[in-house]
Amino acid sequence: MKEVLRVVDLKKSYHKNEVLKGVSFSVDEGETKVIIGPSGGGKSTLLYCINMLQRPDSGEVYLDGEEITKGKVRVNEARQKIGFVFQHFNLFLHLNALDNVRVGPLKVRKMSLDEATQTAVAALKLVGISEDLWSHYPAQLSGGQQQRIAIARAIAMNPRIILFDEPTSALDVELIGEVLKAMKDLAYGGMTMLVVTHELEFAMEVANEIMFLENGVIIEKGPPREVIMNPKSERIKRFLGRIHKEES
């Protein structure tokens, strides 16, 4: 299986706070890997460093075998191949749903209007956004609809991998399911994904591997049933126990 993403000994500090202390892993084509762990453990920083929204202090990130962390790489070109779905949607408030998805293919991929429209429509349909919503602006949509449009926007760029940074954390409970369904459909369709989430049922269902990140270090990783149902670390047992308690 072809390796899409490889992270090697990634480190990042803010002043004296060492957020990432040497993180390494890889993601193969068609895989979904899930990162879990407590808040402040470095999960979001890791995704930001992979996408070069923040520069790591040391270590390497390889996309399709090319190192994108070295200085001479054109960051914007590399970033076009990495989709990113944020916690808080980040849609353009002055654009409707269709235009939010169409703008990337038009402006970045330099598609014609017809081609960009076809690409956007296909992506919106893939995440379950019906045609009657395409003309709606973000303020007219629910949080779940906005997040699915954000996912469609990532899909429309035809990325090699999509990074998800706790995509359901800003949603009301009743809206989480529709976003997770869209993500499951992508996973089953073979999209390569790296997902930071606390949604353990989702992880159990679609992840090829789960990694537990705390204090800037991956302290355990493995198949979902091993990590969630029979973790080796007492720390992970306590973390999972707290998650289950919060859900009950």
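Details of the structure are given in the entry above.
Residues numbered from 1 in each chain as written. Predicted model: local features only at pLDDT ≥ 70, side-chain atom pairs only at ≥ 80, totals over all residues. Heavy atoms only, no water.

Visitor: Looking at this structure, how should I read the overall build of the chain?
Guide: When helices and strands are counted, the chain shows nine helices and ten strands. When the backbone C-alpha atoms are referred to their principal axes, the chain occupies close to 55 × 50 × 40 Å. In the chain, which comprises 248 residues, the proportion classed as buried is 52%. Excluding contacts between residues fewer than 6 apart, the proportion of contacts in the chain whose partners are at least 24 apart in sequence is 65%. Carbon together with sulfur atoms contributes 47% to the accessible area of the chain, which is approximately 11,900 Å² in total. With 32 positive and 33 negative side-chain charges, the chain shows a spacing of 5 Å between the two charge centroids. (Helix = DSSP H or I, 4+ residues; strand = E, 2+ residues; numbered from the N terminus. Buried < 20%, exposed > 50% of the residue type's maximum accessible area, 1.4 Å probe, protein only. Contact = heavy atoms within 4.5 Å. Areas by Shrake-Rupley, 256 points an atom, 1.4 Å probe, with all protein chains shown as cover. Lys, Arg positive; Asp, Glu negative; His and termini not counted. Charge placed at Lys NZ, Arg CZ, Asp CG, Glu CD.)

Visitor: Please explain the layout of surface pockets as it appears in this structure.
Guide: It is a probe the size of a water molecule, rolled over the atoms, that shows where empty space is left. Here the largest pocket defines a volume of roughly 590 Å³. Lining of the largest pocket is provided by 20 residues; of these, Arg79, Ile82, Val108, Arg153 and Met157 occupy positions nearest its centre. Mapped by element, the contributors of at least two residues to the lining of the largest pocket are α2 (75-79), β6 (82-85), α3 (97-107) and α5 (143-156). Considering each element in turn, the lining of the largest pocket owes the most residues, four residues, to α3. (1 Å grid on protein atoms, 1.4 Å probe; cavity = no way out; pocket = protein on both sides within 12 Å on 5 of 7 lines; lining within 4 Å. Points joined across faces, edges and corners; volume = space filled by probe spheres on them.)

Visitor: Looking at this structure, how should I read the pairing of strand β4 (residues 58-63)?
Guide: Along a regular strand, successive side chains alternate from one face of the sheet to the other. Alignment of strand β1 (residues 3-14) against β4, held across five bridges, turns out to be antiparallel. Looking across to β4, one finds that Arg6 is bridged to Tyr62. Relative to strand β5 (residues 66-67), β4 runs antiparallel, the two sharing two bridges. Residue pairing across strands places Tyr62 opposite Glu67, the latter belonging to β5. Count of turn residues in the β4/β5 antiparallel hairpin: two residues, of which Asp64 carries a positive phi of about 50°. (Pairing = 2+ DSSP bridges.)

Visitor: Just checking my understanding: could you explain the sheet that holds β5 for this structure?
Guide: Within a sheet, adjacent strands bond to each other through the backbone by hydrogen bonds, running parallel or antiparallel. One open sheet accounts for four strands, arranged β2-β1-β4-β5; its pairing is antiparallel. Where the open sheet ends on each side, the last strands, each with one partner, are β2 (17-28) and β5.

Visitor: How do you make sense of unusual backbone geometry when you look at a structure like this?
Guide: Most peptide bonds take the trans configuration, and most residues that are not glycine carry a negative phi. The backbone of Met52 sits at a positive phi, close to 65°, despite the residue not being glycine. Along the chain, Met52 turns up in the loop between α1 (43-50) and β4. Of note, the phi angle at Glu166 is positive, near 45°, even though the residue is not glycine. Along the chain, Glu166 turns up in the loop between β7 (161-165) and α6 (173-188).

Visitor: Which parts of the structure should I look at to understand the sheet that holds strand β10 (residues 217-222)?
Guide: Strand order in the open sheet formed by six strands is β6-β7-β8-β3-β9-β10, with mixed pairing between adjacent strands. Each of the sheet's edge strands pairs with one partner strand only, and the pair in question is β6 and β10. Adjacent strand axes in the sheet meet at a mean angle of 20° when their direction is disregarded. The strands touched by α1 within the sheet are β3 (32-36), β6, β7, β8 (193-196) and β9 (209-214), with β7 carrying the most contacts at an inclination of about 150°. Contacts from α6 reach β3, β7 and β8, with the element oriented near 150° to β8. (Axes fitted to C-alpha atoms, helices over the stretch in contact; angles between N-to-C directions.)

Visitor: Explain the packing of aromatic side chains here, please?
Guide: Any aromatic ring pair is given by two values, namely how distant the centres are and how the planes are angled relative to each other. Inspection of every chain in the model, using the stated rule, returns four aromatic pairs. Taken together, a centroid distance of 6.2 Å and an interplanar angle of 75° make the contact between Tyr48 and Phe86 edge-to-face. Of the two residues, Tyr48 sits in helix α1 while Phe86 sits in the loop between β6 and α3, which places them 38 residues apart along the sequence. Taking the relative accessible area as the measure of exposure, Tyr48 reaches 23% and is therefore partly exposed. Taking 5.1 Å as the distance between ring centres and 75° as the angle between the ring planes, the aromatic pair formed by Phe212 and Phe239 counts as edge-to-face. One end of the pair, Phe212, is in strand β9; the other, Phe239, is in helix α9 (residues 234-247), and 27 residues separate them in sequence. (Phe/Tyr/Trp six-rings, centres within 6.5 Å; stacked < 30°, edge-to-face > 60°.)

Visitor: Explain the nonpolar core to me, please; I cannot follow it from the model alone.
Guide: Buried together is how nonpolar side chains tend to be arranged in soluble globular proteins. Ile151 and Phe164 are the most contacted members of the largest nonpolar core, which has 51 residues in total. In terms of residues, this core owes the most to one element, α6, which gives eight residues. Grouped together as the second largest cluster of nonpolar side chains are 28 residues, Val7, Met52, Leu194 and Val196 included. (Core = buried A, V, L, I, M, F, W, Y, C linked by side-chain atoms within 4.5 Å.)

Structural measurements only, silent on function.
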